[in-house]
Amino acid sequence: MSTPQPRLVEVRQNVLKQNDLLARELRGRFREAAVSVVSLVSSPGAGKTAFLEKMLSDLKPQYAVAALVGDLATENDAARLARSGAPVKQITTGTVCHLDATMIQTALEEWNLDELDILFIENVGNLVCPSSYDLGEDLRVVLLSVTEGEDKPLKYPTIFNTADVGIITKMDLAEVVEFDLAAAHDNIQRVRPGMKVFEVSAKTGAGMKEWRQSLLNSEFGLRIAESKTMDSLEFRNPQSEFVNS
Ligand code: MG
Ligand code: ZN
């Protein structure tokens, strides 16, 4: 007689519990180091990396920003993001289709969190399981590109439900692909009532300033109005584009 195996769902709940405990620990470390952590989730190809590259370049003159980026394979996204000059680390997950708190902990081992103002985490492109894994982030941002269907929020409600802010990306293509913007907003509000949603194009920069200002002015509860390293950075970049924009 063999002992009955635990049901798969029980195993999974256990894994999630472990993850939640570690995520809580990470959140405490982030708070202690006064670093704000923003994670990005979306389907593959929604433009997370382009959006993040623009964010890093825009913020870097004034803030100590860094990024972790998850993919099943390749260091391509880390290489792209590193063009901003910010510290970037790729997490390659192999066959795992999401990031978990252990991966974040390991990736941060060599970094001094005290030196950072904002840490971005780009999750693996996937609208399903990233929603279940707390990474200790302060803010979870879900991206939806105009090249996807307007009904994505209805098909994948959980990822929208568990996010704090929405971003509609690739707005420069909206007309060409006849994206129904009103329907997209309606669908997001149906699954996540009251969520603030921004419309941006990382390519043209449209909408990026509004989003950036909301992120920085504590609208979402983050305390990043002033950089820890502001004085020295201001000295080095007195006329930076970001300051004047
Ligand atoms: Mg990417
Ligand atoms: Zn997964």
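For clarity, every value in this text was computed on a predicted model and none was experimentally measured.

A. Molecular detail of the overall build of the protein. Of the regular secondary structure elements, the protein holds 10 helices and 7 strands. Its C-alpha radius of gyration of 18 Å places the protein within 12% of the 18 Å reference for a compact globule of 245 residues. Principal-axis analysis of the C-alpha atoms places the extent of the protein at approximately 75 × 45 × 35 Å. Burial statistics for the protein: of 245 residues in total, 40% are counted as buried. For the protein, contacts bridging at least 24 residues in sequence account for 74% of all contacts bridging at least 6.

B. Region of interest: the pairing of strand β1 (residues 36-41). Counting buried positions along β1 yields 6 of 6 residues, so the element is predominantly enclosed. Neither face of β1 is open: one carries Ser36, Val38 and Leu40, the other Val37, Ser39 and Val41, and all of them are buried. In terms of strand pairing, β1 meets strand β4 (residues 118-122) through 5 bridges, oriented parallel. Following the sheet pairing, Val37 is matched in β4 by Leu119.

C. Region of interest: helix α1 (residues 8-32). The first and last C-alpha atoms of α1 sit 36 Å apart over 25 residues, in line with the 36 Å expected at 1.5 Å per residue. Within α1, the full set of buried residues consists of Ala23, Leu26 and Phe30. Buried positions along α1 lie against β1 and α4 (101-107). Count one or two residues on from α1 and you reach Ala34, which has phi positive near 55 degrees.

D. Quick peek at the nonpolar core. Core analysis: the largest hydrophobic core is formed by 60 residues, its most contacted members being Val65, Ala67, Ile104, Ile118, Phe120 and Ile121. When near neighbours in sequence (up to four residues on either side) are disregarded, Val65 contacts Leu56, Leu59, Lys60, Ala86, Asp117, Ile118 and Phe120.

E. Structural detail: the pairing of strand β7 (residues 196-199). Across 4 bridges, the pairing between strand β6 (residues 165-169) and β7 is parallel. Counted as the bridge partner of Ile168 is Glu199 from β7. Handedness of the crossover is the feature at issue here: the chain leaves β6, passes through helix α7 (residues 181-191), returns alongside β7, and the resulting connection is right-handed.

F. Seen up close, the confidence of the model for the protein. Overall, the predicted model of the protein reaches an average pLDDT of 91, with 91% of residues at or above 70. When the criterion is pLDDT under 50, residues 232-245 qualifies, and its contacts beyond four places in sequence or with other chains add up to 13 contacts.

G. Summary view of unusual backbone geometry. The backbone phi angle of Glu178 is positive, close to 50 degrees, even though this residue is not glycine. With respect to the helices, strands and loops of the structure, Glu178 is situated in the loop between β6 and α7.

H. Fine view of the sheet that holds strand β3 (residues 88-92). Strand order across the open sheet formed by 7 strands is β3-β2-β4-β1-β5-β6-β7, with parallel pairing between neighbours. Bordering the open sheet on either side are β3 and β7, each of which pairs with just one other strand. Each adjacent strand pair in this sheet contributes to an overall mean axis angle of 20 degrees, direction not counted. Bridge count between strand β2 (residues 65-71) and β3: 5 bridges; the pairing is parallel. Following the sheet pairing, Val69 is matched in β3 by Gln90.

What counts and what doesn't
For every chain, the first residue of its written sequence is number 1, and the numbers climb from 1 along that sequence. All chains are assigned letters beginning at A, and all ligands numbers beginning at 1, according to the order in which they are written. Restriction of local features to residues with pLDDT of at least 70 applies here, the model being predicted, together with a cutoff of 80 or more for giving and counting side-chain atom pairs; totals for whole chains, interfaces and linings are based on all residues. Put simply, DSSP H or I for four residues or longer makes a helix, DSSP E for two residues or longer makes a strand, and each gets a number counted from the N terminus. Between the two quantities, the radius of gyration covers C-alpha atoms and the globule rule is 2.2 Å times the number of residues to the power 0.38. To assign burial, the other C-beta atoms lying within 10 Å of each residue's own C-beta are counted, with C-beta atoms placed from the backbone; 20 or more indicates buried, 12 or fewer indicates exposed, and intermediate counts indicate partly exposed. A pair of residues counts as a contact when their C-beta atoms, built from backbone coordinates, are within 7 Å of each other. Note on pairing: two strands pair once DSSP finds at least 2 bridges between them. To estimate the expected span of a helix, subtract one from its residue number and multiply by 1.5 Å. Think of a nonpolar core as buried Ala, Val, Leu, Ile, Met, Phe, Trp, Tyr and Cys residues chained together by C-beta atoms that fall within 7 Å. Whether a crossover is right-handed depends on one test, that the path from the first strand over the helix to the second runs clockwise when the strands point away from the viewer. Values of pLDDT, ranging from 0 to 100, describe the predictor's confidence in every residue of the model. In this description, a line fitted to the C-alpha atoms serves as the axis of each element, helices being fitted only across the stretch in contact, and the angle between N-to-C directions of two axes falls anywhere from 0 to 180 degrees.

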